[in-house]
Amino acid sequence: MTRRLVIAGSGIAGLYAALLATDDAATGGRDIEVVLLSKGTLEQSNTFYAQGGISAVLAPEDAAPGDTVAAHIADTLAAGAGLNDPEAVRILCTEAVRDIAGLARYGVHFDAAPDGGPALGLEAAHSAPRILHAGGDATGACIARGLVAAVLERAVLDRAGHGRLRVETSAFVTGLLTEAGVRPETPSQPGSTPPTPARVTGVAYLAGGRPQELAADAVLLTTGGAGRLFARTSNPAVATADGLALAWRAGAAVRDLEFFQFHPTTLAAGEIPGGPPALLISEAVRGEGAVLLDSAGYRFMPDYHPDAELAPRDVVSRSIALHLAATGAAPDSPVYLDARSIEAERGAGFLARRFPTITAATLAAGYDWTTETVPVSPAAHYWMGGVCTDLWGRTSVPGLYAAGEVARTGAQGANRLASNSLLEGLVFGRRAVEDFLRADPSQDTTAPRAVSAAGGLPLTHASAAPSHDFTSGEDTLASVSEDFVKSVSAYGVFSRDALRRLMTADAGVMRSGEQLREAETVLAAWDVVVHSETAPDAGHSVWLCQEAHEDRNLLLAARLLVAAALNRTQSVGAHYRSDTDDASALTHSMQRISS
């Protein structure tokens, strides 16, 4: 009997997982069909815009002198501010070399140093150069193109063969199908075990705008993040929190949603409607020696952190905000990235060779960064929190996996270390596939797997049932009174722009309880209105367009983020409250569904 795995999302985690599952089916004789659903084209994802690279400690002959996996683990834990899952971090760092080898099988190759070995870059909060990059500063695009080509090649071959891989683009998942069962209608009491949500049995989706359903033995969410919650973001237009919303509505636990990372250096220029997101100027530029200046030409980062421009991202972004406030500048004022010394020290043409994408983009915007400074501002970049998973990508909902930015694996903690995001998508995307294959009832689950793409190493087995530790401790969304709903007009009409302005002002780089409560109030009012506008009439269903679904997903994600940020009164990692309560305990936030 054919088993079907549906993968929603075409970033690095989704593409890599689809290839691994398809190849395992082909080489291992498994009767498995993989269906990859992409909201837009296969290349429309956060992966495509990732510049810096992938962090990994390679074999001793290829690693930087003195670098070790233990050092990578220590750096990741330090960036995560004590809220990582140490075992998830260990897996991430020790299994990295396996999946770097796996990429090579699919035509992805990294830049070489003059001696022929891998060129390794240094980025903020890493203790040694260990960043692999491709195309200079086009790592994500190179990886995405390589994996997309491999996926399309297999899809075409399979169309003429056994049909193991099917790809659908412009396929927007709107809901998760489940077995008939009891959904939790009320929050469980602290310390009690909440009811297990119904098993996921497929997806509902819009195919070219028309509603469809597809049955599945399991669904893997690889839908990416939610940068579109904020006014400035490095994320493309598809990053609208779809996977998080799907999982939440199916009853999944989510965790650590207050931790949203803002990249400190994106080009301070308006985004063109329908164009690419804000240009991210990679951390690797600061790793090469670029510094940050204020409008007076003063280098301010040494005043805020001993590592200056190489401090963790949350520190640099927050320092920019604090320095603007201290100098009386407007909160949305830019600071200036100065890379001129790099060109002077490394020779004419170095910046263009090392960072061709950034060089071309800044020139197109009117800046020659070899001779002048470039205005930059922080922008929403990466969500550390997400759908809670175990070490095999399993969520608290049977039949539902998550990997990549949509997932909260525990590897990132309160703040992600630079260039660990692509790595997390690879490692935990693979592990989710391994668990799905292990669950095949026709196979001996104690026997070795078919060989994976990961350097010829055998796929390993998940050895235990998913832990339910992450299902306890529940927060619910604020209730809304009838009188309060009537006051919605006082806060203006909902729009994407209004949502992004609100979240940037009240839940951005710096927050306070007062700001968060204001955001909670406005979001709750908007949510009621949006849901009333899309609610079915008596006995009649409503067919929502993709934009309406995205609006609902963004509003839900915003309310969950604000609720988590309100609950955490202590500043830690990427979550900074100006009214911080330093006496509060350092624990994980947890939210579960409340109907």
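Numbers given for residues are sequential positions, taken from 1 along each chain in its written order. Given that this is a predicted model, residues contribute local features only at a pLDDT of at least 70 and side-chain atom pairs are listed and counted only at 80 or more, while totals for whole chains, interfaces and linings are drawn from all residues. Each side-chain value is derived from all of the structure's non-hydrogen atoms; neither hydrogens nor water enter the calculation.

Trainee: Would you mind going over the environment of leucine 220 with me for this structure?
Mentor: A run of H or I in DSSP becomes a helix once it reaches four residues, and a run of E becomes a strand once it reaches two; helices and strands are each numbered from the N terminus. Positionally, leucine 220 belongs in strand β10 (residues 218-221). Accessible area is worked out with a 1.4 Å probe on protein chains only. A residue is then buried under 20% of its type maximum, exposed over 50%, and partly exposed in between. For leucine 220, a relative accessible area of 1% puts it in the buried group. C-alpha separation for the pair leucine 220 and alanine 403, spaced 183 residues apart in sequence, amounts to 7.3 Å. Between two residues, a contact is recorded if the distance between any of their heavy atoms is within 4.5 Å. With residues up to four places along the chain from it excluded, the contact list for leucine 220 reads Leu5, Val6, Ile7, Ala8, Ala17, Tyr401, Ala402, Ala403 and Ala432.

Trainee: Please explain the packing of aromatic side chains as it appears in this structure.
Mentor: A ring pair, where both rings are aromatic, is described by two values, the distance of the centres and the angle of the planes. Stacked, tilted and edge-to-face are the three classes assigned to paired rings of Phe, Tyr and Trp, where Trp is represented by its six-membered ring and a pair needs centres within 6.5 Å; plane angles under 30 degrees give stacked, over 60 edge-to-face, the rest tilted. Throughout the structure, instances matching the rule amount to 9 aromatic pairs. With a centroid separation of 6.0 Å and 50° between ring planes, the pair formed by phenylalanine 260 and phenylalanine 262 is classed as tilted. Aromatic side chains phenylalanine 300 and tyrosine 304 sit 6.4 Å apart centroid to centroid with 85° between the ring planes, which places their arrangement in the edge-to-face category. One aromatic cluster is present, built from ring pairs that chain together Phe230, Phe260, Phe262 and Trp383. A ring is scored as having a charge over it whenever the NZ atom of a lysine or the CZ atom of an arginine sits within 6 Å of its centre and within 35 degrees of its normal. Note that arginine 416 overlies the ring of tyrosine 382, its terminal NZ or CZ placed 4.3 Å from the centroid. The cationic tip of arginine 431 hangs over the ring face of tryptophan 392; the distance from NZ or CZ to the ring centre is 3.8 Å.

Trainee: I keep staring at the layout of surface pockets and nothing clicks. Help me out?
Mentor: By volume, the largest pocket amounts to about 710 Å³. Contributing to the lining of the largest pocket are 29 residues, with Pro331, Asp332, Pro378, Thr504 and Val509 lying nearest its centre. Only α9 (313-326), β15 (374-383) and α15 (496-507) provide two or more residues apiece to the lining of the largest pocket. Among the elements that make up the lining of the largest pocket, the one with the highest residue count is α9 (5 residues). Taken together, the residues of the lining of the largest pocket sort by class into 18 nonpolar, 7 polar and 4 charged. Every definition here rests on a 1 Å grid over the protein atoms only: cavities are sets of points where a 1.4 Å probe fits but cannot get out, pockets are open sets enclosed by protein on both sides within 12 Å along at least five of seven lines, and lining residues have some atom within 4 Å of a point. Grid points are joined across faces, edges and corners, and a volume is the space filled by probe spheres set on the points. Gly is placed with the polar residues, together with every amino acid not listed as nonpolar (Ala, Val, Leu, Ile, Met, Phe, Trp, Tyr, Cys and Pro) or charged (Asp, Glu, Lys and Arg).

Trainee: Teacher, can you tell me more about the confidence of the model for the protein chain here?
Mentor: Atom-level detail of predicted coordinates should not be read off regions where pLDDT is low. In this model, the protein chain carries an average pLDDT of 86, and 84% of its residues clear a pLDDT of 70 or more. Scored from 0 to 100, pLDDT records how confident the predictor is in each individual residue. Here residues 181-192 scores under 50 on pLDDT; set against residues more than four positions off or in separate chains, the count is 16 contacts. Segment residues 486-490 is flagged for pLDDT under 50; beyond a separation of four residues in sequence, or across chains, it makes 3 contacts in the model.

Trainee: Help me understand the sheet that holds strand β12 (residues 260-267), please; the structure alone is not making it clear to me.
Mentor: Note on sheets: strands pair through backbone hydrogen bonds, and any given pair is parallel or antiparallel. Overall, antiparallel pairing links the 4 strands, which are arranged β12-β15-β14-β13 in an open sheet. Among the strands making up the open sheet, the edge pair consists of β12 and β13 (291-293). In this sheet, adjacent strand axes meet at a mean angle of 45° when their direction is disregarded. A pair of strands counts as paired when DSSP detects no fewer than two bridges linking them. Inspection of the sheet shows β13 paired to strand β14 (residues 335-338) by 3 bridges, in the antiparallel sense. Axes here mean lines fitted to C-alpha atoms, for a helix over just the part in contact, with angles spanning 0 to 180 degrees between N-to-C directions.

Trainee: Just checking my understanding: could you explain the environment of proline 65 for this structure?
Mentor: Looking at where proline 65 falls in the secondary structure, it is placed in the loop between β3 (54-55) and α3 (69-79). Distance in space between the C-alpha atoms of proline 65 and alanine 128 is 8.5 Å, their sequence separation being 63 residues.

Trainee: Honestly, the pairing of β10 in this entry has me stumped. Any pointers?
Mentor: Burial of the side chains of β10 extends over both faces: Ala218 and Leu220 are buried on one face and Val219 and Leu221 on the other. Taken together, the 4 bridges between strand β1 (residues 3-8) and β10 define a ladder with parallel strand orientation. What sits directly across from leucine 5, in β10, is alanine 218. With 3 bridges joining them, β10 and strand β17 (residues 400-402) adopt parallel strand pairing. Bridge assignment links leucine 221 to a residue of β17, and that residue is alanine 402.

Trainee: What exactly am I supposed to notice about the side chain of aspartate 338 here?
Mentor: Positionally, aspartate 338 belongs in strand β14. Residue classification places aspartate 338 among the buried residues on the basis of a relative accessible area of 13%. In this structure, aspartate 338 is in contact with Ala290, Val291, Leu293 and Thr373, ignoring residues within four places of it in sequence.

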